[in-house]
Structure formats: structure tokens, C-alpha cells
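# Tertiary structure, described
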Amino acid sequence: MIIKLSIVIGCGYFIYTKLIENEQLAFSVFYQNLIQNNIFTIKNSLFLLLFTFLNWYLEASKWHLLISFISNYSFKSALIQSLSSLTTSLITPNRIGEYGAKAMYFEKKYRKQILGLNLVGNFYQMLITLFFGIIGFSYFVFKHNITINLTHFFSILLIGILIIISLIFLIKNFNFKGLSFEKVRNFIKKIPASLNRKVALISLLRFVVFSHQFYFLLLIFNVDISYVDAISAITSVYLIASTIPMLSLFDVVLKGSVAIWVFHFFNIEALIILSTTTLMWILNFVLPAIIGSYFVLTFKPNFTK
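As a starting point, this report considers the structure included with it. (Residues numbered from 1 in each chain as written. Predicted model: local features only at pLDDT ≥ 70, side-chain atom pairs only at ≥ 80, totals over all residues. Heavy atoms only, no water.)

Counting its secondary structure elements, the chain contains twelve helices and two strands. Counting from the amino terminus, the chain carries its helices and strands in the arrangement α-α-α-α-α-α-α-β-β-α-α-α-α-α. Out of the 305 residues belonging to the chain, those deemed buried represent 46%. Counted over contacts in the chain with a minimum sequence separation of 6, partners at least 24 positions apart contribute 78%. (Helix = DSSP H or I, 4+ residues; strand = E, 2+ residues; numbered from the N terminus. Buried < 20%, exposed > 50% of the residue type's maximum accessible area, 1.4 Å probe, protein only. Contact = heavy atoms within 4.5 Å.)

Structural data, given as C-alpha cells:
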């Protein structure tokens, strides 16, 4: 119980500091900006919450689809696991704690499979982000004639490749109490192509939902930008942000900084962009994490063999 309380209190504290003590955007300025742009009207609020609902409905559906491969689980179980693992993983880099949090819901005999299924789900979400991000960023760079320092680019690329190789080496040689990557990899190979296609499709739909939630916020803030330019900028932001290891609780700071740089090419005020990224973070991370806190507190680990 102490561990569960520590997770919830820690999560709440970090969320509070990011909202109230955000050096990029004072909370009073952020709130006033929302009021001035009629964010809290019934119509706008319902649309924004609808996007959030769809986002997490799709995430839970994807997880439900994956875990149904090993046994018959309800959608409710998948939703609870998705929300509670979000709360637990917010203080870990790139939400890596999600793997352990979800595994605790299952019998020990299934935990190797759960690791593999989670890898599959996150792989397709990252693949979709990279695919559309590269297209959007290429269009963005070409349109604005952005000069890329090739020395810096290849240096970063080399470091990234070395990190990936190191991680692959560590994973291949990972063995903790009989849980080796070889077993996980063999299990992943058994997942049918039809299931992979469905997971990829849901990942695509989820990307469309949260990227268009961002676009909808730009419209609410009366930003003068074409749809193509907006989507290319949004996908560029997600591409850059997704490739930088960062605690999820600092995701709002990272995306805010990246978004300011990207959208300044369209002469959009930093206040509007920071307000947009902060509200996106609140809707898609803070609210689900608050709900997930309840499930963390009521969680009973499964020690069944």
C-alpha cells in the first residue's frame, strides 16, 4: 500500500509542479489565454474531451486486442491496465515503466508474453509516428528551406545508432529469473499477421486522433495556417519529441520547446503554441493519470503461477 501511495503522490506532485511552476508558461497566463479563446465553451470542451476519449478508447482497444491473443480478457480489464500503467510509468523515461506495470496484472506464466505484446503495441505506434513524421518533416524542411548542419546531423545519427546497438546487445543478453529476450522474441514471431495488421490500423487511427486534436486547438486559438502546413508541423513535432528520451512528466516541456521552434516558421505566437501543448498534455496525460491513480490504489498484484 505504501508503494502504491508513493506512486500516486509522486505522480500528483510532478503534475502539480509542471502546471503551477512551469518556467515556460505561468499557469495564470495559460488559464487567462484559455478564457480569452473560449476553450471552456460547451461545444469546444465536448469536442476536446471527445478527442481524448477516442484516444484512450483506441489505446485500450489495441491493448485488449493484444492480450486477447493469450486469453479471454474483457475490454474493461484492458482499459484499467492501460490507465493504471500510464500513472505508474509517468516518472520513467519514455514510459518504460508501463511494461512492468501491465505485467503485474497477469499470472506469472503470462508475463513473458505480456512483455512481447506490449513491445508489439508500442512498436507500431512508434512506426506510425516515424512514418508520418518523416513525411511531414521533409515537407516542412523543403518548404522553409531549412539548412541542416550535416556534421551535427550525422553525429546525432551515429550516437543514436550506437545507443540502439547497445540496447539490442543488452536485450539479447538479458536474462532475469528465466525471462530472456529469446523467449519473448519467439513468442512475438507466433503473433499472426492479421493481429499485426489490426494493431497497426488502431495505431494509425490513434495517431490521426491526437494529431487532429492538436489541429483543432490551433483552430480554436484562431491560428492562420493551412491544413497541410499544420499537419506537417504537428507530425514534425511528434517525430522530434518521440526520438528524445524523456520522462513522460516532462513531455509537456519537451513538446512545448520543439513546437515553438517548428511553428515560429509560420509566425505563430509562442504563447499560443505553449497553451496548445500544455492543454494537450493535460487532456491526454493528466486526466487519464488521475483516473488511473484510483486503479493503482485499488490494484492487487497477481502472484498466481
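Alright, that's what it looks like, and here's the rest.
Taken as a whole and judged by the stated rule, the model has two cavities of 30 Å³ or more. Looking at the largest cavity, the residues that line it are Glu59, Lys62, Trp63, Leu66, Glu98, Lys102, Asn118, Gly121 and Asn122. Within the residue set of the lining of the largest cavity, elements represented by two or more residues are α3 (42-67), α5 (97-103) and α6 (111-143). For the lining of the largest cavity, the element with the most residues is α3, which contributes four residues. (1 Å grid on protein atoms, 1.4 Å probe; cavity = no way out; pocket = protein on both sides within 12 Å on 5 of 7 lines; lining within 4 Å. Points joined across faces, edges and corners; volume = space filled by probe spheres on them.)

Counting across every chain of the model gives 21 aromatic pairs. Taking 5.4 Å as the distance between ring centres and 75 degrees as the angle between the ring planes, the aromatic pair formed by Phe207 and Phe210 counts as edge-to-face. With a gap of three residues between them, Phe207 and Phe210 both fall in helix α9 (residues 193-220), about one helical turn apart. Judged by its relative accessible area of 3%, Phe207 is buried. (Phe/Tyr/Trp six-rings, centres within 6.5 Å; stacked < 30°, edge-to-face > 60°.)

Okay, the pattern of salt bridges next. Pairing is possible between side chains of opposite charge, provided their charged atoms come close. Taken as a whole, this structure holds five salt bridges when the rule is applied. Lys102 is paired through a salt bridge with Glu98; the nearest N and O atoms lie 2.7 Å apart. One end of the pair is Lys102 and the other is Glu98, both in helix α5 and four residues apart, which spans about a single turn. Glu98 matches Lys102 in its accessibility class, with the two residues each being buried. A salt bridge links Lys143 to Asp229; the shortest N-O distance between them is 2.5 Å. Of the two residues, Lys143 is situated in helix α6 and Asp229 in helix α10 (residues 227-242); the sequence distance between them amounts to 86 residues. Look at Asp229 and you get buried, because its relative accessible area is 8%. What you see here is one network of salt bridges that share partners, running through Glu59, Lys62 and Arg206. (Salt bridge = Lys/Arg side-chain N within 4 Å of Asp/Glu carboxyl O.)

This part covers helix α4 (residues 75-89). Between the first and last C-alpha of α4 there are 21 Å, a value that for 15 residues agrees with the 21 Å anticipated at 1.5 Å per step. Three or more residues of α4 are buried, namely Ala78, Ile80, Gln81, Ser82, Leu83, Ser84, Ser85, Leu86, Thr87 and Ser89. (Expected span 1.5 Å × (residues − 1).)

So, about the side chain of Thr52. Turning to its location among the elements, Thr52 is positioned in helix α3. Relative accessible area serves as the criterion here: at 9%, Thr52 is assigned to the buried category. Each residue touching Thr52, except ones within four places of it in the same chain, is listed here: Gln213, Leu283 and Asn284.

Scope: geometric values only; no functional claims are made or implied.
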